[in-house]
Amino acid sequence: GAGVSQSPSNKVTEKGKDVELRCDPISGHTALYWYRQRLGQGLEFLIYFQGNSAPDKSGLPSDRFSAERTGESVSTLTIQRTQQEDSAVYLCASSLGGLGADTQYFGPGTRLTVL
Amino acid sequence: GESVGLHLPTLSVQEGDNSIINCAYSNSASDYFIWYKQESGKGPQFIIDIRSNMDKRQGQRVTVLLNKTVKHLSLQIAATQPGDSAVYFCAEKVWGGSEKLVFGKGTKLTVNP
């Protein structure tokens, strides 16, 4: 079956512009996660959605970052007034959710470059 | 606080040798651990996981060992192949807490032919 997909695969933008990144999780997965990965670094948690529960936004680095999810499907991560330090790969993952269904499956990521 | 780290940032092995990648964690409440493989330009790929009620789990050519006493996790790859060259991340999660995974910085494995 199809895995997690993300678009665009690459995004180059100018400082100060807004960007929107999209994630399509695996069908049937109720949990969805966004991570940021800077060059040569590990993954930094941003936000987590589980079903209709309030999202865990504890990892969002500033109020310029926001994310939405429509039901148990597509999610968008929006970065407003982008800064050069926002340059990174943004990874989305999904999982079945619930106890014992923790394995997160990742998409290929969106590489964001802020000039 | 939570932290997951790695003892060795790089590891170079000969094709056919066994590889061992180590990881230390500090949160004794963590009860679920995962190893991911990330090839250049790709997202992390699930390799194997283990829960805290186990100390060993085997997959195809890979074994994960968990030592809760010293809070240490290792990934063993048997008969390492060039296709195993990648960055390997360990990650931990606390049951009943936030569902986020806490990742280590990664170890780059290079397999020499």
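Note: the structure precedes this text.
Residues numbered from 1 in each chain as written. Chains lettered and ligands numbered in written order. Predicted model: local features only at pLDDT ≥ 70, side-chain atom pairs only at ≥ 80, totals over all residues.

Asker: Describe the interface of chain B and chain A, listing the residues and the values that go with them.
Answerer: Counting from both sides, the interface comprises 17 residues of chain B and, opposite them, 20 residues of chain A. Split into classes, the residues belonging to the side of chain B that touches chain A amount to 7 nonpolar, 4 polar and 6 charged. (Contact = placed C-beta atoms within 7 Å. Nonpolar A, V, L, I, M, F, W, Y, C, P; charged D, E, K, R; others polar.)

Asker: Can you tell me about the sheet that holds strand β7 (residues 75-79) of chain A, naming the residues and giving the values?
Answerer: Residue and element names in this part refer to chain A. Reading across from one edge, β1-β3-β7-β6 is the order of the 4 strands in this open sheet, with antiparallel pairing throughout. The open sheet has two free edges, formed respectively by β1 (5-7) and β6 (65-69), since each of these has just one partner strand. Strand-to-strand twist of the sheet, defined as the mean angle between neighbouring strand axes without regard to direction, takes the value 15°. Where β6 and β7 come together, 5 bridges link them in antiparallel fashion. Its bridge partner lying in β7, S66 is registered against T78. (Pairing = 2+ DSSP bridges. Helix = DSSP H or I, 4+ residues; strand = E, 2+ residues; numbered from the N terminus. Axes fitted to C-alpha atoms, helices over the stretch in contact; angles between N-to-C directions.)

Asker: Can you break down the nonpolar core residue by residue, with the values?
Answerer: Of all hydrophobic cores here, the largest spans 48 residues; its most connected members are W34 of chain A together with A91 of chain B. Among all residues touching W34 of chain A, those that are not within four sequence positions of it are L46, I47, A67, L77, Y90 and C92 of chain A. (Core = buried A, V, L, I, M, F, W, Y, C linked by C-beta atoms within 7 Å. Buried ≥ 20, exposed ≤ 12 C-beta atoms within 10 Å, placed from the backbone.)

Asker: Give me the pairing of strand β10 (residues 110-114) of chain A: which residues, what numbers.
Answerer: All names here are of chain A. As defined by bridge partners, strand β2 (residues 10-13) adjoins β10 across 4 bridges and the pair is classed as parallel. Pairing of T13 across the sheet is with V114, part of β10. Pairing of strand β8 (residues 88-95) with β10 involves 3 bridges; the strand directions are antiparallel. Across the sheet, residue A88 finds its bridge partner in β10, namely L112.

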